[in-house]
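Residue-level structural notes
Okay, here's what each chain looks like letter by letter:
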Amino acid sequence: MIHKFSMDGVNIVLDIYSGAVHVVDNIIYDLIDIYKGHEKEELKKLLGKKYGLNQIDEAIKEIETLEKEGLLYTEDVYVDYLNQFQKRDPIVKALCLHIAHDCNLRCKYCFAGEGEYRGQRSLMSAEVGKKAIDYLVHASKNRRNLEVDFFGGEPLMNFDVVREIVEYGRGIEKEHNKNFRFTITTNGVLLDNDIQSYINENMHNVVLSIDGRKEVHDRMRYTINHKGSYDIILPKFKKVAESRNQDNYYVRGTFTRENLDFAKDVLHLADLGFKQVSVEPVVASSEMSYALREEDLPILYEQYEELAREMVNREKKGQAFNFFHFMIDLSQGPCVAKRLAGCGSGSEYLAVTPEGDLYPCHQFVGMDEFKMGTVFEGIENFKMQKKFQSCNVYAKEECKNCWAKFYCSGGCAANAYQFHGDIHIPYKIGCELEKKRVECALYIKAKLAQ
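Residue numbers restart at each chain and count upward from 1, following the sequence in its written direction. Reporting of local features is limited, given that this is a predicted model, to residues whose pLDDT is at least 70; pairs of side-chain atoms are given and counted only at 80 or more, and all residues count toward the totals for whole chains, interfaces and linings. The side-chain quantities take in all heavy atoms of the structure and omit both hydrogens and water.

1. A few points about the overall build of the protein chain
The secondary structure listing takes helices from DSSP runs of H or I that are at least 4 residues long and strands from runs of E that are at least 2 residues long, numbered from the N terminus. Scanning the protein chain from terminus to terminus reveals 17 helices and 16 strands. Only C-alpha atoms enter the radius of gyration, while the globule expectation follows 2.2 Å times N to the 0.38, with N the number of residues. Its C-alpha atoms give the protein chain a radius of gyration of 24 Å, within 12% of the compact-globule value 22 Å for 450 residues. Structurally, the protein chain occupies a C-alpha span of about 75 × 50 × 45 Å along its principal axes. Each residue gets one of three labels from its accessible area relative to the maximum for its type: buried under 20%, exposed over 50%, partly exposed in between, using a 1.4 Å probe on protein chains only. Expressed as a percentage of its 450 residues, the buried residues of the protein chain come to 55%. Any two residues having at least one pair of non-hydrogen atoms within 4.5 Å are treated as being in contact. Contacts in the protein chain between residues far apart in sequence, at least 24 positions, make up 70% of those at least 6 positions apart.

2. Overview of helix α6 (residues 159-172)
One less than the number of residues in a helix, times 1.5 Å, gives the span that helix is expected to have. A rise of 1.5 Å per residue sets the reference length of α6, with its 14 residues, at 20 Å; its end C-alpha atoms lie 20 Å apart and thus fit the reference within 8%. F159, V161, V162, I165, V166, G169 and I172 are the residues of α6 that are buried. One side of α6 holds all its buried residues, which, seen down the axis, span an arc of 155°. Residues of α6 that are exposed and angled more than 90 degrees away from the buried face: D160 and G171. Contact partners of the buried residues in α6: β4 (94-98), α5 (126-139), β7 (145-151), β8 (179-186) and α7 (193-202). This arc is built from the directions going out from the helix axis to the C-beta atoms.

3. Details of the packing of helix α1 (residues 26-34) against helix α3 (residues 53-68)
Angles here are taken between N-to-C directions and fall from 0 to 180 degrees, while the axes themselves are lines fitted to C-alpha atoms, restricted in helices to the stretch in contact. The interhelical angle for the contact between α1 and α3, taken along N-to-C directions, is 65°, at an axis separation of 10 Å. Of the two possible hands of crossing, α1 and α3 adopt the one that is right-handed. Residue-level inspection shows I27, I28, L31 and I32 of α1 in contact with α3, the latter providing Q55, I56, A59, I60, E62 and I63. Crossing handedness: left-handed means the near helix sits turned counterclockwise from the far one by under a right angle, and right-handed means the same turn made clockwise.

4. Observations concerning unusual backbone geometry
Note the cis peptide between G152 and G153, where omega equals 15°. Residue placement: G153 occurs in the loop between β7 and α6.

5. Let's talk about the pattern of salt bridges
Think of a salt bridge as a Lys or Arg side-chain nitrogen and an Asp or Glu carboxyl oxygen that are within 4 Å of each other. This structure, assessed with the given rule, holds 31 salt bridges. Across the pair K44 and E41 runs a salt bridge whose closest N-O atoms are separated by 3.7 Å. With K44 and E41 both in helix α2 (residues 40-47), this residue pair falls three residues apart, about one helical turn. Among the residues examined, K44 registers a relative accessible area of 16% and is labelled buried. In this structure, the salt-bridge partner of K108 is E258, at a minimum N-O distance of 3.2 Å.

6. Comments concerning the packing of aromatic side chains
Within 6.5 Å between ring centres, the rings of Phe, Tyr and Trp (the latter by its six-membered ring) count as paired, and their orientation is classed by plane angle as stacked under 30 degrees, edge-to-face over 60, tilted in between. Per the counting criterion, the structure on display carries 19 aromatic pairs. Summarising the aromatic geometry, the rings of Y250 and F324 are spaced 5.4 Å apart at their centres and angled 90° between planes, so their arrangement reads as edge-to-face. Taken as a pair, Y250 in strand β10 (residues 249-255) and F324 in the loop between β12 (322-323) and α12 (336-341) lie far apart in primary sequence, 74 residues in all. F324 gets classed as partly exposed once you look at its relative accessible area, which sits at 40%. Ring geometry for F255 and F262: centres 4.0 Å apart, planes at 10°, overall stacked.

7. Describing the nonpolar core
The nonpolar core is taken to be a set of buried Ala, Val, Leu, Ile, Met, Phe, Trp, Tyr and Cys residues, with the residues joined through side-chain atoms within 4.5 Å. Among the nonpolar cores identified, the biggest contains 126 residues, and F150 and F326 are the most heavily contacted of them. No other element matches helix α17 (residues 428-449), which puts nine residues into this core. Apart from residues lying up to four places away in sequence, F150 is in contact with L97, I99, P155, V162, I165, V166, F182, T183, I184, T185 and M203. In terms of nonpolar packing, the next biggest core, distinct from the first, is built from 18 residues, I27, Y35, I56 and L66 among them.

8. With respect to the sheet that holds β12
Read from one edge of the open sheet, 11 strands run β12-β11-β10-β9-β8-β7-β4-β13-β14-β15-β16, paired in mixed fashion. For this open sheet the edge positions go to β12 and β16 (378-379), each flanked by a neighbour on one side alone. Across two bridges, strand β13 (residues 349-352) lies against strand β14 (residues 357-359) in antiparallel orientation. By the bridge assignment, V352 is partnered in β14 with L358. Each pair of strands is called paired provided DSSP finds at least two bridges between the two strands.

9. Quick word on a nonpolar patch on the surface
Patch rule: a residue counts if its relative accessible area is over 30% and it has no salt bridge; like charges are joined within 9 Å, and nonpolar side chains (Val, Leu, Ile, Met, Phe, Trp, Tyr) within 5 Å. In this description, accessible areas are obtained by the Shrake-Rupley approach with a 1.4 Å probe, and a residue is regarded as covered only by the protein chains that are shown. Together, L123, M157 and L190 give the surface a local cluster of nonpolar side chains, amounting to about 230 Å² of exposed area. By the element assignment, M157 lies in the loop between β7 and α6.

10. Focus on the packing of α7 against helix α9 (residues 230-243)
Two elements in contact, α7 and α9, have axes separated by 11 Å at closest approach and are oriented at 30°. Crossing angle aside, the handedness with which α7 passes α9 is right-handed. Each of N193, Q196 and N200 in α7 lies in contact with α9, whose residues at this interface are K236, K239, V240 and S243. Within the contact of α7 with α9, the residues separate by chemical class into one nonpolar, four polar and two charged. Three classes are used: nonpolar for Ala, Val, Leu, Ile, Met, Phe, Trp, Tyr, Cys and Pro, charged for Asp, Glu, Lys and Arg, and polar for all others, with Gly counted as polar.

11. Looking at α7
Because an α-helix packs 3.6 residues into every turn, residues spaced three or four apart end up facing the same way. Along α7, the residues classified as buried are I195, Q196, Y198, I199 and N202. For α7, the buried positions fall inside an angular range of 165° around the axis, keeping them on one side. Turned more than 90 degrees away from the buried face of α7, the exposed residues are N193 and E201. The secondary structure elements touched by the buried residues of α7 are α6, β8, β9 (205-209) and α9. Think of a polar contact as two N or O atoms within 3.5 Å of one another; within protein, one of them needs to be a possible hydrogen donor and the other a possible acceptor, and neighboring residues in sequence only count if both atoms come from side chains. Between the side-chain oxygen of the N-cap and the backbone nitrogen of D194 there are 3.1 Å, and the N-cap of α7 in question is D192.

Below, the structure written as structure tokens:
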């Protein structure tokens, strides 16, 4: 499978199954589509009016060489791995601990319903948190490196319990030959020097929620009394970023239909000095005024392209920053399992409620039909576990012939379920935006290599 695109005169060809990326001239770019199924003389006739015969000969030889080296027109090797992949023994490697089903903000687009996840406001106890760590140690089997995310609601509303869980994990990891990597996501309202210091000492990563420009952020992320939170959190977030040497954190925002010019928000955060930025599209039902629509896609494509060009310019000026969705590793990339199934929700990654219930991920919490078990008894709904374990790019009709399937791994199961009631039918807007992001990321790589 081949995918090609051109941006600002840069012609890029992807060989999907080998992962090879080629920056090519115009003649090879034109030849790629017709090379298969035509003899050399036919190709000369088809392109003879546009290019010289010697040029065509050289281009054909180059394509032949790439094909022989396994870098072009390669066959699908992943499908042979599929049987083995689907029969793999599920090993839980990550938990999302809902440390607080409560929040001190009332974000307009919050999928968690202002923190309570379709239920009552509640806080996780230290007992439940420690039991979750015990469950992860057991369910991870021989895997050593484990991820624990503190999530909400707002985790800082229950930070004493966060500390207890971290200390408990650190106290048992050597005994069980485990290495816990803790992450916390916060809206920043309750951040203080003591909490920041503890996070820096104990959290591998921290996610700081901010949407961008003040007017954009305050319109969506406001306090209980409907006052904006931008001025409260910004000085704290800048301090956290600097204290972590601009690494191992993200400022993470959401853009909606109310700020389709989201590239300005990304650049606003970069201009504030943040080096690790993630601003992601909202996923909301169509009746919401702020929900993205298919008709918005051309504008969003332009925004991603504008952002890509500006990132190239800033890199060349020594003002580089990372944008999460443009980060692609062309030298190695993710393992086969991640390419096929992504985050591993429902099998390798689970969410834990304050009461200790297990769900496929944080976005399924509160949907009773998706409850998988508890941290006290382990997985009990094996049918649900199997359903998620078998969810991969070859199990989704829309993904099978999509060139971007190994970059997005089939997309988000929760988004698919929200829009189609089926985790095997991808969310179309999400698919289209992911394809554009991949193209822009490759464009950046190509421009910086020139």
